[in-house]
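Single-letter residue listing:
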Amino acid sequence: MKIQGWLFIWLSVFVLIMAGVYGVWSKEPVGTTALVLAFGLCLMIGFYLAFTARRVDTMAQDNKQADVADEAGELGFFAPHSWQPLSLAIGGAFAFLAIAIGWWLLFFSLPLILIGLFGWVFEFYRGENRTQ
């Protein structure tokens, strides 16, 4: 994770330099703003990966002498199945549709979003996956 963190941090530096060059050269505020926001996103991801790399074991990609087989095995825990993203997607679609059709549609979308959100957060506290 250390390599990925440094890659994103250096990418954020590059994007910031390009934002400055683009802003001076084009004098166009929308593209400059987008590049500055991309800088912020790259910096956040890089900082998170670099911060997390200090707390986890050294991975194979951080070792220059590593083989492909060194990273074999379990990668982590992933939810086997979940219906909650479907509820969030339908609720989000209705919420964005409310902008075009009418704000009254938010009354139907907010319960779907809340059910999906709370269900996704607490899906391992009850039911068949509670022991995961």
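Above this note sits the structure.
Residues numbered from 1 in each chain as written. Predicted model: local features only at pLDDT ≥ 70, side-chain atom pairs only at ≥ 80, totals over all residues. Heavy atoms only, no water.

(A) Inspection of the packing of helix H1 (residues 2-26) against helix H2 (residues 29-53) at higher detail. For the pair H1 and H2, interaxial distance at closest approach is 7 Å and the crossing angle is 165°. Put simply, H1 runs roughly antiparallel to H2. The element H1 and its partner H2 pack so that their crossing is left-handed. Looking at the contact of H1 with H2 residue by residue, the classes come out as 19 nonpolar, seven polar and one charged. (Axes fitted to C-alpha atoms, helices over the stretch in contact; angles between N-to-C directions. Helix = DSSP H or I, 4+ residues; strand = E, 2+ residues; numbered from the N terminus. Parallel < 35°, antiparallel > 145°, perpendicular 65-115°, else oblique. Left-handed = near helix turned anticlockwise from the far one by under 90°. Nonpolar A, V, L, I, M, F, W, Y, C, P; charged D, E, K, R; others polar.)

(B) Highlighting the environment of Gly92. Along the chain, the position of Gly92 falls in helix H3 (residues 84-100). On the basis of relative accessibility, which here comes to 18%, the residue Gly92 falls in the buried class. Each C-alpha atom of the pair Gly92 and Leu110 lies 8.4 Å from the other, and the pair is 18 residues apart in sequence. (Buried < 20%, exposed > 50% of the residue type's maximum accessible area, 1.4 Å probe, protein only.)

(C) Examining the packing of H3 against helix H4 (residues 106-121) more closely. H4 packs onto H3 with a crossing angle of 155° between their chain directions and a minimal axis gap of 8 Å. Put simply, H3 runs roughly antiparallel to H4. H3 and H4 meet at a crossing whose hand is left-handed. Taken together, the residues of H4 that come into contact with H3 (itself represented by Gln84, Pro85, Ser87, Leu88, Ile90, Gly91, Gly92, Phe94, Ala95 and Ala98) are Leu106, Ser109, Leu112, Ile113, Ile115, Gly116, Leu117, Gly119 and Trp120. Here the residues of the contact of H3 with H4 are counted per class, giving 12 nonpolar, seven polar and no charged. (Contact = heavy atoms within 4.5 Å.)

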